[in-house]
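# Tertiary structure, described
Below, each chain spelled out in residue letters.
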Amino acid sequence: MSSCVRAMSATEKFVFDLQGFVVLRGVLSADDVAQANAAIDSHKSELKERVGTLRNSANTSFGGDGSTGRREAGTMLSWPKPDCNVFRKVLDHPRLVPYLNELCGKGYRMDHMPLLIAQYKGCEGFGLHGGRMNEEGEFLPELAYHCEAGRIYNPLLACSVVLSDHNPGDGGFVVVPGSHKANFATPPELVSGSDELADNLLVQPSTKAGDVILFSESTVHGAKPWTADHERRLVIYRFAPATHAYGRSYIEYPDRMLDGLTDGQRAVLQPPYANRLDREQVEENGQITMQTRGLEKRKWDEALFATPYF
């Protein structure tokens, strides 16, 4: 892992606020990428292919060859060591912590279990989804991005860790820049890619293995069919502010996933609650800090509610 710690720059904040996503180059080292791909190779039999009604491209232009489905896995954090190590390191990676603290706030937490995506040539993509409005045009506060007094707020932030090169025209991740601020539902013909305007709106960032794309889940996004000869691989994490929860995996993490975690990694897996209630927070320098109330107040609450936390 790179030991470089760098704060989110003014330009990166501007770009994220403008577009709803930002690309970070070379977050994982070549060794990290090699270790991740070797681990995936060792667990290839565990990947499950989306077929039939589970396909993500029904009635859209994102269907690829019409038969090859996306292959997925979701238990990387529980793989035996050393296979799980590189996937766990992402939780409090020194290059990512400043961005996660900036975009989700101190005390950020992992909201979804990480998702491994693998695609062969011809594999379907994924129709456009996400956004701050649902199909009926109703506002979705659980996803909606906003910026107040120079501070960015993301109820749900996606972190796509790229494990294979994505060159221009290869397919893969596409995004509608600026859609995290849209006030209307995404039209069905845009979701399906049938509208002639779709190609002009969609942007496919070119990335190399080791890059990371951070994007708000209120930014409309999807994936073009994979056309390159090499396999597409990435892992998507989703992070949330300390007090927010979209997913509910935190209710019961499997023991094998918790075994051997570092203090920083364990802090990122805390359930949702406010920082002031003794929440451990990962700082940019890698230290774990905790905000707490005075002892007298804490003792009062415990006596009043007959439990340490109200």
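For clarity, every value in this text was computed on a predicted model and none was experimentally measured.

Mapped onto the elements of the fold, Lys121 is located in the loop between β4 (109-119) and β5 (126-129). In sequence terms Lys121 and Trp226 are 105 residues apart; their C-alpha atoms lie 5.3 Å from each other. Not counting chain neighbours up to four residues away, the residues in contact with Lys121 comprise Asp65, Trp226, Thr227, Ala228 and Asp229. There is a polar contact of 3.0 Å between the side chain of Lys121 and the side chain of Asp229.

Our next topic: the packing of aromatic side chains. Throughout the structure, instances matching the rule amount to six aromatic pairs. Ring centres of Tyr237 and Phe239 lie 6.2 Å apart, and the angle between their planes is 0°; on these two criteria the pair is classed as stacked. With relative accessibility at 1%, the residue Tyr237 sits in the buried group. Its relative accessible area of 0% is what places Phe239 among the buried residues. Positioned over the ring face of Tyr273 is Arg279, at 4.8 Å from the centre of the ring.

Formed by 48 residues in total, the largest nonpolar core has its most connected members in Phe87, Met110, Leu214, Tyr237 and Phe239. Once you skip the residues sitting within four places of it in the chain, Phe239 turns out to touch Leu91, Leu100, Cys104, Tyr108, Arg109, Met110, Asp111, Pro155, Leu156, Leu157, Cys159 and Val268. Of all hydrophobic cores here, the second largest spans eight residues; its members include Leu128, Val176, Leu190 and Ala198.

Time to look at the side chain of Ser78. With respect to the helices, strands and loops of the structure, Ser78 is situated in the loop between β3 (71-73) and α3 (85-89). Discounting chain neighbours no more than four positions away, the residues touching Ser78 are Pro254, Arg256 and Met257.

Tracing the chain through its elements places Tyr120 in the loop between β4 and β5. Between the C-alpha atoms of Tyr120 and Arg232, which are 112 residues apart in sequence, the distance is 6.5 Å. For Tyr120, the contacting residues outside a window of four places in its chain are Lys44, Arg71, Trp226 and Glu231. Among the polar contacts made by the side chain of Tyr120, one reaches the side chain of Arg71 at a distance of 3.5 Å.

Cut-off values and rules
Residues numbered from 1 in each chain as written. Predicted model: local features only at pLDDT ≥ 70, side-chain atom pairs only at ≥ 80, totals over all residues. Heavy atoms only, no water. Helix = DSSP H or I, 4+ residues; strand = E, 2+ residues; numbered from the N terminus. Contact = heavy atoms within 4.5 Å. Polar contact = N/O pair within 3.5 Å; in protein donor to acceptor, adjacent residues only side chain to side chain. Phe/Tyr/Trp six-rings, centres within 6.5 Å; stacked < 30°, edge-to-face > 60°. Buried < 20%, exposed > 50% of the residue type's maximum accessible area, 1.4 Å probe, protein only. Lys NZ or Arg CZ within 6 Å of the ring centre and 35° of its normal. Core = buried A, V, L, I, M, F, W, Y, C linked by side-chain atoms within 4.5 Å.

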